[in-house]
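# A look at the structure
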Amino acid sequence: SLPAKLINGGIAGLIGVTCVFPIDLAKTRLQNQQNGQRMYTSMSDCLIKTIRSEGYFGMYRGAAVNLTLVTPEKAIKLAANDFFRHHLSKDGKKLTLLREMLAGCGAGTCQVIVTTPMEMLKIQLQDAGRIAAQKKLMAAQAQLSSSSVSGAAEPVVETRPTATQITRELLRSKGIAGLYKGLGATLLRDVPFSIVYFPLFANLNKLGQKDPNVKAPFYVSFLSGCVAGSTAAVVVNPCDVVKTRLQSLQRGVNEDTYSGILDCTRKIWQKEGPMAFLKGAYCRALVIAPLFGIAQVVYFIGIAEFLLDMLPKHRA
């Protein structure tokens, strides 16, 4: 049933995000740093420096936005894929690869309604620590170079905006369109991701089914979700880099600004080289693999069906 699908998708998203959010934060910061302004050399270096400068909970900056909006996002994505697969099937026959890809395309298109504002707010909160650390480093270097002439420099005051403050400012200055900055890049990432992910997962999951009418074991669904998720994540990582750069409202010192998808792609290619489009790819794979593995296990086990079945008994 639709309520069960929505509950399953929401529970899966909450569990997955809680487990992998620090890696997602490292991915955002690695993707946003540009040549000449590198604060972090790797995922582990980013997480260690984040803990040192911002504390343990610094790794979860922006998590509240994700935890709030991931439920409708995952629910829409998984339920939409099922909806399109159902309507594209003919008399219950096996879907062709093309129809599976079309179903994934429809799911990816539907989810951006929630994904774009969620990613927009999350990126600002995740990247604020990187920009603050960069400003502190630049101030320390300036202090060293000028201490013999003008004395100590003024300390840098770090401001930490909240998701509510960012939302209000965007709505005040740009209206609802402000929350949907980077919509085109989000579509370029999420639609191909779903086109790759859902058919790949469905076919890998079928390999573990002894009978077409019986669900695959939970570990098969988990491994299928991990493999399909990480594969799709790496495939669309160039689009994710462009999307992250476009949705970042604040820039570090001497970092480029972009007017659109083509301008961002051109500047990254010219100034940072083609390998820049793979920034954070392994982080994204590490995020997506367990996220979708957990999502598919929850979704296929059907926790919601169990909860919904218990309601009448509880009332009785």
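Residues numbered from 1 in each chain as written. Predicted model: local features only at pLDDT ≥ 70, side-chain atom pairs only at ≥ 80, totals over all residues. Heavy atoms only, no water.

The chain appears in an unreviewed UniProt entry as Mitochondrial glutamate carrier 1 from Crotophaga sulcirostris. In UniProt, the chain has this text filed under Subcellular location (unreviewed entry): "Mitochondrion inner membrane". Among the UniProt annotations of the chain, the heading Sequence similarities (unreviewed entry) holds the following wording: "Belongs to the mitochondrial carrier (TC 2.A.29) family." (UniProt positions renumbered as here; feature names shortened; annotations may be inferred.)

This next bit is on the pattern of salt bridges. Evaluated as defined, the whole model comprises 19 salt bridges. Of the charged contacts in the structure, one is a salt bridge between Asp45 and Lys49, with a shortest N-O distance of 3.3 Å. With a gap of four residues between them, Asp45 and Lys49 both fall in helix H2 (residues 43-54), about one helical turn apart. Accessibility expressed as a relative area gives 17% for Asp45, which makes it buried. A salt bridge links Glu100 to Arg85; the nearest nitrogen and oxygen atoms lie 3.5 Å apart. Placement of Glu100 in helix H4 (residues 97-150) and of Arg85 in helix H3 (residues 63-88) is noted, with a sequence separation of 15 residues between them. Overall, Glu100 belongs to the buried group, its relative accessible area being 1%. (Salt bridge = Lys/Arg side-chain N within 4 Å of Asp/Glu carboxyl O. Helix = DSSP H or I, 4+ residues; strand = E, 2+ residues; numbered from the N terminus. Buried < 20%, exposed > 50% of the residue type's maximum accessible area, 1.4 Å probe, protein only.)

This part takes up the state of the cysteines. Throughout the structure, instances matching the rule amount to zero disulfides. There is no disulfide at Cys110, and the cysteine sulfur nearest it, in Cys105, is 9.4 Å away. (Disulfide = S-S within 2.5 Å.)

The next point concerns helix H7 (residues 218-235). For H7, which comprises 18 residues, the first-to-last C-alpha distance of 26 Å matches the rise-based estimate of 26 Å (1.5 Å per residue) to within 8%. Within H7 the residues assigned to the buried category are Val220, Ser221, Ser224, Gly225, Cys226, Ala228, Gly229, Ala232 and Ala233. (Expected span 1.5 Å × (residues − 1).)

Further remarks concern the layout of surface pockets. Each pocket or cavity is described by its volume, and for the second largest pocket that value is around 230 Å³. As for the second largest pocket, its lining consists of 14 residues, and the residues nearest its centre are Gln124, Pro161, Ile166, Leu249 and Gln250. Of all the elements, H4 adds the most residues to the lining of the second largest pocket, at five residues. Tallied by class, residues from the lining of the second largest pocket come to seven nonpolar, five polar and two charged. (1 Å grid on protein atoms, 1.4 Å probe; cavity = no way out; pocket = protein on both sides within 12 Å on 5 of 7 lines; lining within 4 Å. Points joined across faces, edges and corners; volume = space filled by probe spheres on them. Nonpolar A, V, L, I, M, F, W, Y, C, P; charged D, E, K, R; others polar.)

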